[in-house]
Amino acid sequence: MFETLLAFDLGGTDIKVARIAHDGAVHGFTKVPSRASEGETALFEAIAQAARLVGEGASTAAAGFGSPGVIDPVTGGIVDRTPNLNLPPDFPLRERLERTLSRPVAVDNDANMAALAEHTAGAGKGARVSLTVTVGTGVGCGIVVEGRVLKGAFGGAGEIGHMALASRGPACGCGVQGCAEPMASGSGLIARAREAGLDVSNAREVFESSDPRAAAAIDAMLDHLAQMLSAATALLNPDVIVVGGGVAQAGERMFAPLREKCAHYMLASHRRGLRIVPATLGEQAGVIGAGLAAWQLRTRG
């Protein structure tokens, strides 16, 4: 019988959970309500329930857990707090998980887990350096170098959504002056389209519209996103940028102009060989990455 490890992807609405094999293969994938807004006790009851649902047959050698927020790479705790979880500041997440699950747990930010999955088993497979960018309500990013997530000194590497690009858009709640996320995100695209008078409820409707006001909103969003990706490329020189999230579902209607705009902002040396491609693992990316992180903990410590 092949060995699998438990893996979790925590969101504000639900917890995705599965058993993950060494190669990233998914077994027993399911979701349960996370009860994240109800506080610590309710959240950890939900985590224990998720473990019971799919945990039979999984090894107790390690587990993986992806969470919103910045995760301290040394302690495994949440740095300060995250609005998605009703937990006290500087919550000792890894310590609490290991008590609940009775095994060592690899804990990281959910965007980093998705990035590890795409790098290892998805659209970034075979790359030396990959960026996985999720464009949805905000702009999340994970950086993977030769199979290891680049976390930064305090766990906050990859926050490209909050780059100060002298954006002339609305202020971001992060407090960074000129933050590009309100213009580069899917929620920003919808907001700009509505400000122009369009009746839209999601990014897909904006991309499908033939109205020139939709085209202008898309152009502004992609221009900010291209500047963001180009700045990251100048620093990290990746061989692939994987783009996921709701906006990426527009397909080549998004990717073709995005690549064209990136060509204007990137050094020719950094464009050479660079691929900008859609994510392939969908909603399972987070649990796959958490499982792969658990395997790294299991085999390398």
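Residues numbered from 1 in each chain as written. Predicted model: local features only at pLDDT ≥ 70, side-chain atom pairs only at ≥ 80, totals over all residues. Heavy atoms only, no water.

J.: A description of the overall build of the chain should follow, citing residues and the corresponding values.
T.: Along the backbone of the chain there are 10 helices and 10 strands. Compactness check: the chain gives a C-alpha radius of gyration of 19 Å against a globular reference of 19 Å for 301 residues, within 12% of the reference. Viewed in the frame of its principal axes, the chain has a C-alpha envelope of about 55 × 40 × 35 Å. Considering the chain as a whole, with its 301 residues, one finds that 52% of them fall into the buried category. Split by element, the accessible area of the chain, about 13,400 Å² in all, is 51% carbon and sulfur. (Helix = DSSP H or I, 4+ residues; strand = E, 2+ residues; numbered from the N terminus. Rg over C-alpha atoms; globule rule 2.2 N^0.38 Å. Buried < 20%, exposed > 50% of the residue type's maximum accessible area, 1.4 Å probe, protein only. Areas by Shrake-Rupley, 256 points an atom, 1.4 Å probe, with all protein chains shown as cover.)

J.: Give a description of helix α3 (residues 110-121) that names residues and reports values.
T.: Between its first and last C-alpha atoms α3 spans 16 Å; for 12 residues at 1.5 Å apiece the expected length is 16 Å, and the two agree. For α3, the buried fraction is high: nine of the 12 residues fall into the buried class. Listing the buried residues of α3 in full gives A111, N112, M113, A114, A115, L116, A117, E118 and H119. With a side-chain oxygen positioned 2.8 Å from the backbone nitrogen of A111, the residue opening α3 is N109. (Expected span 1.5 Å × (residues − 1). Polar contact = N/O pair within 3.5 Å; in protein donor to acceptor, adjacent residues only side chain to side chain.)

J.: Account for the packing of aromatic side chains, naming residues and giving values.
T.: Each aromatic ring pair is specified by the distance between its two centres and by the angle formed by the two planes. Enumeration according to the criterion identifies two aromatic pairs in this entry. On the basis of an interplanar angle of 35 degrees and a centroid distance of 5.7 Å, the ring pair of F8 and F65 is categorised as tilted. Within this pair, whereas F8 is found in strand β1 (residues 4-10), its partner F65 is found in strand β4 (residues 59-67), the two being separated by 57 residues in sequence. Both residues of the pair, F8 and F65, belong to the buried class. (Phe/Tyr/Trp six-rings, centres within 6.5 Å; stacked < 30°, edge-to-face > 60°.)

J.: Outline the environment of G39, supporting the account with residue identities and numerical values.
T.: Among the structural elements, G39 can be located in the loop between β3 (26-33) and α1 (40-54). Judged by relative accessible area, G39 falls into the buried class, the value being 8%. Between the C-alpha atoms of G39 and L85, which are 46 residues apart in sequence, the distance is 7.5 Å.

J.: Summarise the sheet that holds strand β6 (residues 129-135); cite the residues concerned and give the values.
T.: Spatial strand order, β8-β7-β6-β9-β10: five strands in an open sheet with mixed pairing. Here the strands that pair on one side only, and so sit at the sheet edges, are β8 (148-149) and β10 (275-278). Note: strand β7 (residues 139-145) against β8, two bridges, orientation antiparallel. Its bridge partner being in β8, V144 is matched across the sheet by V149. Contacting β6, β7 and β9 (240-244), helix α7 (residues 212-236) runs over the sheet at an angle of about 160 degrees to β6. (Pairing = 2+ DSSP bridges. Contact = heavy atoms within 4.5 Å. Axes fitted to C-alpha atoms, helices over the stretch in contact; angles between N-to-C directions.)

J.: Break down the pairing of β9 for me, citing the residues and quoting the values.
T.: Of all the five residues making up β9, five are buried; the element is thus mostly covered by neighbouring parts of the structure. Here β6 pairs with β9 via five bridges, running parallel. Paired with V133 across the bridge in β9 is V243.

J.: Please set out unusual backbone geometry residue by residue, giving values where relevant.
T.: The phi dihedral of R35 falls on the positive side, at around 55 degrees, and the residue is not glycine. Along the chain, the position of R35 falls in the loop between β3 and α1. On the accessibility criterion, R35 (32% relative accessible area) is partly exposed. Positive phi, close to 50 degrees, is recorded for N237, a residue that is not glycine. Positionally, N237 belongs in the loop between α7 and β9.

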